[in-house]
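Summary of structural features
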Amino acid sequence: MKEKWWRNSVVYQIYPRSFCDSNGDGVGDINGIRSKLWYLKKLGIDIIWLSPVYPSPNADNGYDISDYYGISSEFGTIDGMKELIQECENCGIKIMMDLVLNHTSDEHPWFIEAKSAINNPYHEYYIWRKGNHVPNDMESCFGGSAWEYSKETEEYYLHFFHKKQPDLNWENKNVRTEIWKMINYWIDMGIKGFRLDVIDMIGKVPDLKIKENGPKLHEYLQEMNRETFGNKDIVTVGECWGADTEIGKLYSSPDRKELDMIFQFEQMQADQIAGKEKWDLKPLDFIYLKHTFAKWQKELDGKGWNSLFWNNHDLPRIVSRWGNDKEYRVESAKMLATVLHGMKGTPYIYQGEEIGMTNYPFSSKEDFADVEAINMYQERKQNGYSEKEILHSLCAKARDNARTPMQWNHSHAAGFTEGNPWYPVNPNYKEINVEIALDDKNSIFYYYQKLIQLRKENKILVDGNFTLLCPEDKHIFAYTREWNGKKWVIICNFYKEPALLLFSGKGNVILSNYPQEQTISLEQIHLRPYEAMICEII
Ligand code: NOJ
């Protein structure tokens, strides 16, 4: 079987609104991305995951689509998009579009038709229930009921996100046919990958209160595969919040003909009180983190494929979350990168992660723009939480942390725009920006560049067997990869406190975030704060 090209690829996620603004309106755009392709090329990534660029009323920053075939005028034009695809192709980068298929905007023509009358053919494109009461107690992921009353037809419709994001009715064959047509349109335009937003929700059965992993989910995915990308050279990744490793295999096992890989979040819940919301914080459970990663490495080995990520547009910045964004920002950012990029799977880098961008120093509720944060504030206020508690959770977890503009240089608005940025730039942009990173050969940027290169040059990183070392150690995240008679060891001190690892033999240092001898003893490894290394055992 031909080796899949994406197995040694690295994905870079662009959140277009915050990446680079070319026309001074304060909003990032497609021409801005085009102007920075040299930068992505230099980093060495293979695929751009482009968060939605379609027309949208922006109730959820583009994840509420009103036209699947167009480009939002804020971001550019369809011709600009074609040029971007072509220019990417010229420099060997592929584009992965974001497909938001669980819901549309309420301003999508389908929904406008659907809500106008019960006998309108589009009515059945969405999910409606009659009655004088809210149909059941299902909740929206953004807080409050998942049902909204619509006075035109005197019914409730389902929305698992904002009320301006009505859920599509996947039971309806016409909905599916429309979606296949749209996916094929983007394939014909030269798109080489798709990221499927909350794809685990499309098989919902609201009357049984089933939101994720519904009974027909995999049937729909197999149909999608047959009707669209199945026989094409395209990479697909499904966002699945509710997947365990068994479910992960259903999505990504090649013989099931669904998706190529999954994007699951189990390890990202290591600082959240079990069974509660993401806002209910607890100190990082480091042992859980290691064991969860190790479980996915083992369980999917040869049976599926996983994404490796710390960040995306919904998550806080990892160097602030589990690293040290003060005196060890550089060391800890490199350490976190090492932990992730040493594993099996496809690594994802979220814009700014490669220069160690940090969380924003929010100080009041007015600082938050995201619908999820705003709703959470109101809900928790009503439920008696103190202002301090709420702000504490928001500072740690709000999605706004990831969405501040990309920090390019030390000029106005960090070089993101010549105008007024749609969202404030992190005030640390004079110390943390691309220009500084490119001028410093020891920067986080060049460390990521090396990690990406290593994956391309060493099959051991792609295919090697994974074994977790010292599973109960409270500071060290270490594991080996083995392939074809070779053995690498990846050793990371996850904390500021020095740590000691007892191992054996000698190693050639391949990469490290502190100066090292070329060959070191691996008998007793004294690790400095956030020290990380990759060694080949000799
Ligand atoms: C997941 C996306 O990543 C998030 O940003 C969005 O709000 C929801 N899906 C709804 O589309």
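Residues numbered from 1 in each chain as written. Predicted model: local features only at pLDDT ≥ 70, side-chain atom pairs only at ≥ 80, totals over all residues. Heavy atoms only, no water.

1. Brief notes about helix α3 (residues 78–90)
Helix length check: α3 (13 residues) gives 18 Å between terminal C-alpha atoms against 18 Å at 1.5 Å per residue, within 8%. Buried within α3 we find G80, M81, L84, I85 and C88. The arc that holds every buried residue of α3, seen down its axis, measures 145 degrees, which confines them to one face. Residues of α3 that are exposed and angled more than 90 degrees away from the buried face: E89 and N90. Against α1 (30–34), α2 (37–43), β2 (47–50), β3 (94–99) and α5 (173–188) lie the buried residues of α3. The positive-phi residue at the C-terminal boundary of α3 is G92, with phi of around 75 degrees. (Helix = DSSP H or I, 4+ residues; strand = E, 2+ residues; numbered from the N terminus. Expected span 1.5 Å × (residues − 1). Buried < 20%, exposed > 50% of the residue type's maximum accessible area, 1.4 Å probe, protein only. Arc of directions from axis to C-beta. Contact = heavy atoms within 4.5 Å.)

2. A word on empty space enclosed by the protein
Evaluated as defined, the whole model comprises two cavities of 30 Å³ or more. Taken together, W296, Q297, L300, D301, G304, W305, N306, K344 and G345 form the lining of the largest cavity. Tallied by class, the residues present in the lining of the largest cavity amount to three nonpolar, four polar and two charged. Approximately 50 Å³ is the volume found for the second largest cavity. In this structure, the second largest cavity is lined by N311, I318, V319, A333, E353, G356, M357 and Y448. (1 Å grid on protein atoms, 1.4 Å probe; cavity = no way out; pocket = protein on both sides within 12 Å on 5 of 7 lines; lining within 4 Å. Points joined across faces, edges and corners; volume = space filled by probe spheres on them. Nonpolar A, V, L, I, M, F, W, Y, C, P; charged D, E, K, R; others polar.)

3. Regarding the environment of K209
Checked against the element boundaries, K209 lands in the loop between β7 (193–196) and α6 (217–227). It is 8.4 Å that separates the C-alpha atoms of K209 and D137, two residues lying 72 residues apart in sequence. When sequence neighbours within four positions are dropped, the list of residues in contact with K209 reads N136, D137 and M138. In terms of polar contacts, K209 uses its side chain to reach the side chain of D137, at 2.7 Å. (Polar contact = N/O pair within 3.5 Å; in protein donor to acceptor, adjacent residues only side chain to side chain.)

4. Some remarks on the site of the ligand
Within the structure, the ligand sits among 13 residues, and D60, H103, D197, H313 and D314 are positioned closest to it. With respect to the ligand, the side chain of D60 contributes an N or O atom lying 2.5 Å from an oxygen atom. H313 places a polar side-chain atom, nitrogen or oxygen, 2.8 Å from an oxygen atom of the ligand. Look at the ligand: alone it shows 300 Å² of surface, and the protein chains cover 98% of it. According to the grid-proximity analysis, the pocket containing the ligand is the largest pocket. (Near = heavy atom within 4 Å. Areas by Shrake-Rupley, 256 points an atom, 1.4 Å probe, with all protein chains shown as cover. Sits in = over half its atoms within 2 Å of the grid points.)

5. Quick notes on the sheet that holds β3
Read across the open sheet, the eight strands follow the order β9-β8-β7-β3-β2-β1-β11-β10; overall the sheet is parallel. Either end of the sheet is taken by a strand with one partner, and the two such strands are β9 (261–264) and β10 (307–308). One ladder, built from four bridges, connects strand β1 (residues 11–14) with β2; its direction is parallel. Bridge pairing in β2 places I14 opposite L50. (Pairing = 2+ DSSP bridges.)

6. A closer look at the sheet that holds strand β12 (residues 465–469)
A sheet is described by the order of its strands in space; here six strands give the open sequence β12-β13-β14-β19-β16-β17, paired in antiparallel fashion. Edge positions in the sheet fall to β12 and β17 (519–521), since each of these pairs with one other strand and no more. Strand-to-strand, the axes of this sheet are offset by a mean angle of 30 degrees, without reference to chain direction. By the bridge criterion, five bridges tie β12 to strand β13 (residues 476–483) in an arrangement that is antiparallel. Residue pairing across strands places L469 opposite A478, the latter belonging to β13. Packed onto the sheet, helix α8 (residues 286–299) meets β12 and β13 and runs at close to 160 degrees relative to β12. With respect to the sheet, helix α15 (residues 444–457) is in contact with β14 (486–493), β16 (506–512) and β19 (532–537), its orientation differing from that of β16 by roughly 120 degrees. (Axes fitted to C-alpha atoms, helices over the stretch in contact; angles between N-to-C directions.)

7. Side note on helix α4 (residues 109–116)
The set of residues buried in α4 consists of W110, F111 and A114. Within α4, the buried residues cover an arc of 90 degrees as seen down the axis, which keeps them to one side. Here the buried face of α4 lies against β4 (128–130), β6 (155–158) and α5.

8. Some details on the pattern of salt bridges
Counted by the stated rule, this structure contains 40 salt bridges. Here E246 and K249 are joined by a salt bridge, their closest N and O atoms 3.1 Å apart. With E246 and K249 both in helix α7 (residues 245–252), this residue pair falls three residues apart, about one helical turn. Residue K249 is classed as buried on the basis of its relative accessible area, which comes to 14%. Among the salt bridges present, the one from D301 reaches K344, with a minimum N-O distance of 2.7 Å. Of this pair, D301 sits in the loop between α8 and β10 while K344 sits in the loop between α10 (329–341) and β11 (346–350); the two residues are 43 residues apart in sequence, bridging distant segments of the chain. (Salt bridge = Lys/Arg side-chain N within 4 Å of Asp/Glu carboxyl O.)

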